[in-house]
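Chains, contacts and geometry: an overview
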Amino acid sequence: MNQQTTDEIEFDQPCPIRDVLDRIGDQWSLLVLEALGRKTMRFNELGREIDDISRQMLARTLRRLEEDGYLSRTIFAEVPPRVEYTLTSLGRSFLDPLRILTQWADENHGAICKSRKLARLAQGG
């Protein structure tokens, strides 16, 4: 397999931080990655795990995460076809930073909400 060096890769976005965060920073990607960090799952199982995501949005999120290499999709030749999603090594490498981020969000959510409320009150809302 011919490996490209970073000099040969055409980047979609010149800023790597913005490029990566734009993709994983949407409403659903982190939840999908977190769920798949626990185990391999099928589409409907993921949908139940993230109960307020529409089927269309779940399909779109999975497709984008697969395009970026965070997860892989395996189709089994059964009737009906069985499809499973699992994290790739790239996706698994993101779990540690994801856990740190989710822990930070959980620990600071109350303070953030309080600050928002104070800002709204200061603005007369």
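Figured I'd write up the structure that's included with this text. (Residues numbered from 1 in each chain as written. Predicted model: local features only at pLDDT ≥ 70, side-chain atom pairs only at ≥ 80, totals over all residues. Heavy atoms only, no water.)

1. Focus: the overall build of the protein
- Secondary structure assignment for the protein yields six helices and three strands.
- Seen in sequence order, the protein has helices and strands lined up from the N terminus as α-α-β-α-α-β-β-α-α.
- Counting only residues that meet the buried cut, the protein has 22% of its 125 residues in that class.
- Excluding contacts between residues fewer than 6 apart, the proportion of contacts in the protein whose partners are at least 24 apart in sequence is 44%.
- As displayed, the protein has an accessible area near 9,400 Å², and 52% of this comes from carbon and sulfur atoms. (Helix = DSSP H or I, 4+ residues; strand = E, 2+ residues; numbered from the N terminus. Buried < 20%, exposed > 50% of the residue type's maximum accessible area, 1.4 Å probe, protein only. Contact = heavy atoms within 4.5 Å. Areas by Shrake-Rupley, 256 points an atom, 1.4 Å probe, with all protein chains shown as cover.)

2. Some remarks on the pattern of salt bridges
- Summed over the entire model, instances satisfying the criterion amount to eight salt bridges.
- Close ionic contact of D68 with R23 constitutes a salt bridge, the shortest N to O distance being 2.9 Å. With D68 in the loop between α4 (55-67) and β2 (71-76) and R23 in helix α1 (residues 16-24), this pair connects stretches of sequence that are 45 residues apart.
- Between R73 and E66 there is a salt bridge whose closest N-O contact spans 3.3 Å.
- We classify E66 as partly exposed; its relative accessible area is 27%.
- Three or more residues joined by partner-sharing salt bridges are found here, namely E34, R38 and E49. (Salt bridge = Lys/Arg side-chain N within 4 Å of Asp/Glu carboxyl O.)

3. What about helix α6 (residues 95-122)?
- Relative to the 40 Å expected for 28 residues at 1.5 Å per residue, α6 spans 38 Å between its end C-alpha atoms, a close match to the ideal helical length.
- Within α6, the axis deviates most sharply at N108, by approximately 55°.
- Remark: G124 follows α6 within two positions and exhibits a positive phi of approximately 85°. (Expected span 1.5 Å × (residues − 1). Bend = angle between axes of the 7 residues up to and from the residue.)

4. A closer look at the sheet that holds β2
- Taking strand neighbours across the sheet as the criterion, the three strands line up as β1-β3-β2 in an open arrangement whose pairing is antiparallel. Across the chains shown, the open sheet's two edge strands, defined by having one partner strand only, are β1 (41-42) and β2.
- The sheet contact formed by β2 and strand β3 (residues 82-87) spans six bridges and is antiparallel. Directly across from R73, in β3, lies its bridge partner Y85. (Pairing = 2+ DSSP bridges.)

5. A few points about the nonpolar core
- Formed by 21 residues in total, the largest nonpolar core has its most connected members in V32, L33, L36, L46 and L62.
- Among the elements of the structure, α2 (29-38), α3 (43-49), α4, β3 and α6 are those that each provide at least two residues to this core.
- Here this core takes four residues from α2, the largest share from any one element.
- In this view, L46 contacts V32, A35, L36, M41, L58, L62 and Y85; residues no more than four positions away in its chain are not counted. (Core = buried A, V, L, I, M, F, W, Y, C linked by side-chain atoms within 4.5 Å.)

6. Focus on a nonpolar patch on the surface
- Together, I17, V20 and L21 make up an exposed nonpolar region whose accessible area comes to about 280 Å².
- By secondary structure assignment, the location of I17 is in helix α1. (Patch = residues over 30% accessible without salt bridge, like charges linked within 9 Å, V, L, I, M, F, W, Y side chains within 5 Å.)

7. Examining α2
- Buried within α2 are the following residues: S29, V32, L33, A35 and L36. Relative to the axis of α2, the buried residues are bounded by an arc of 165° and lie together on one face. (Arc of directions from axis to C-beta.)

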